[in-house]
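The lines below spell out each chain.
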Amino acid sequence: MDYPWTCAGCGGTHQGLIDLACGKPEHWPGAEDKAPNSALDPNGNFLSEDFCVLNGQHFFVRAMLELPIRGSDGRHFGFGVWSTLSRQNFVRYVETFDSGAQDGLGPWYGWFSNRLKGYPDTLSLKCEVHPVSGRQRPHVLLEPTDHPLAIDQKNGITFDRLLELYAINGHDMKTSLSD
Ligand SMILES: [Zn+2]
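1. Things to note about the side chain of Asp-152
Tracing the chain through its elements places Asp-152 in helix 2 (residues 148–155). One buried charged residue, Asp-152, forms no salt bridge at all, with the nearest opposite charge on Arg-161 at 4.2 Å. The residues touching Asp-152, leaving out its near neighbours within four places in the chain, are Leu-67, Pro-68, Tyr-119, Ile-157 and Arg-161.

Structure (structure tokens):
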């Protein structure tokens, strides 16, 4: 699973099981031009690799949604996604971000802030944001509902479903496997 493979979808070379990522929250209207974190303006409009602010009123953090891969000895597929935070929790997150010591924070409530292809609308699903130490992205845990994405996070996905999610997002691992 960890070898490099040539992707018939995007034409790139990938290493093993790749993560997918959303560059911005669904609500961000502009391009994905990223500012440095140090330029954060909590009262305006801002987008970096880790933080997003809309109109000084809506606050988002980049997080990681993990879906267990069934029958894989505990491996996960990672989806880089965004969640809202309250202003207060956002400020605490930003203040402690550079310290790398964040696992005592949270969990915080948030609203899932992306539409993931291959699922019924995932925007605004209720979730918990769990900060993680060591400068890793916080983990998003979806509220346990009967939404297919919440079910997949709880029960895991099959390898075939993972290949399907890759294909929906423009990556073709299947062809490389049959070579
Ligand atoms: Zn690809």
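Still to come is the rest of the account.
2. Focus: the layout of surface pockets
Remark: the empty space left among the atoms is shown by a probe the size of a water molecule rolled over them. Of the pockets and cavities examined, the largest pocket occupies roughly 220 Å³. Looking at the largest pocket, it is lined by 14 residues, and the ones nearest its centre are Ala-21, Cys-22, Arg-115, Lys-117 and Asn-169. Among the residues forming the lining of the largest pocket, the class breakdown is five nonpolar, four polar and five charged.

3. Looking at helix 1 (residues 87–97)
Residues Asn-89, Phe-90, Tyr-93 and Phe-97 constitute the buried set of helix 1. Here the buried residues of helix 1 occupy an arc of 105° about the axis, which is enough to place them on one side. Opposite the buried face of helix 1, at more than 90 degrees from it, the exposed residues are Gln-88 and Glu-95. Contacts from the buried residues of helix 1 go to strand 5 (51–54), strand 6 (58–68), strand 7 (76–85) and strand 8 (108–111).

4. Side note on the coordination of the zinc ion
When a metal carries six donors in an octahedron, the ideal angles between them are 90 or 180 degrees, while four donors in a tetrahedron ideally lie at 109.5 degrees. Coordination of the zinc ion by the protein is provided by Cys-7 (SG), Cys-10 (SG), His-14 (NE2) and His-171 (ND1), with metal-donor distances spanning 2.0 to 2.3 Å. Geometry at the zinc ion is tetrahedral, judged from its four donor atoms and the angles of 100 to 125° they form at the metal. Counting along the primary sequence, the residues that act as donors to the zinc ion give the motif C-x2-C-x3-H-x156-H. For Cys-10, a relative accessible area of 42% gives the class partly exposed. His-14 sits in the buried class, given a relative accessible area of 13%.

5. A closer look at the pattern of salt bridges
This structure, assessed with the given rule, holds seven salt bridges. Put simply, Arg-115 and Asp-121 hold a salt bridge, and the shortest N to O gap is 3.0 Å. Look at Arg-115 and you get partly exposed, because its relative accessible area is 45%. With its nearest N and O atoms 2.5 Å apart, the salt bridge here joins Arg-161 to Glu-164. Here Glu-164 and Arg-161 lie together in helix 3 (residues 159–168), a separation of three residues that amounts to about one turn. What makes Arg-161 buried here is its relative accessible area of 18%. Classification of Glu-164 by relative accessible area gives partly exposed; the value is 43%.

Procedures and definitions
- Residues numbered from 1 in each chain as written.
- Predicted model: local features only at pLDDT ≥ 70, side-chain atom pairs only at ≥ 80, totals over all residues.
- Heavy atoms only, no water.
- Helix = DSSP H or I, 4+ residues; strand = E, 2+ residues; numbered from the N terminus.
- Buried < 20%, exposed > 50% of the residue type's maximum accessible area, 1.4 Å probe, protein only.
- Lys, Arg positive; Asp, Glu negative; His and termini not counted.
- Salt bridge = Lys/Arg side-chain N within 4 Å of Asp/Glu carboxyl O.
- Contact = heavy atoms within 4.5 Å.
- 1 Å grid on protein atoms, 1.4 Å probe; cavity = no way out; pocket = protein on both sides within 12 Å on 5 of 7 lines; lining within 4 Å.
- Points joined across faces, edges and corners; volume = space filled by probe spheres on them.
- Nonpolar A, V, L, I, M, F, W, Y, C, P; charged D, E, K, R; others polar.
- Arc of directions from axis to C-beta.
- Donors = N, O, S within 2.8 Å, 3.2 Å for Na, K, Ca; no water.
- Tetrahedral: all angles 85-135°; square planar, octahedral: opposite > 155°, others 65-115°.

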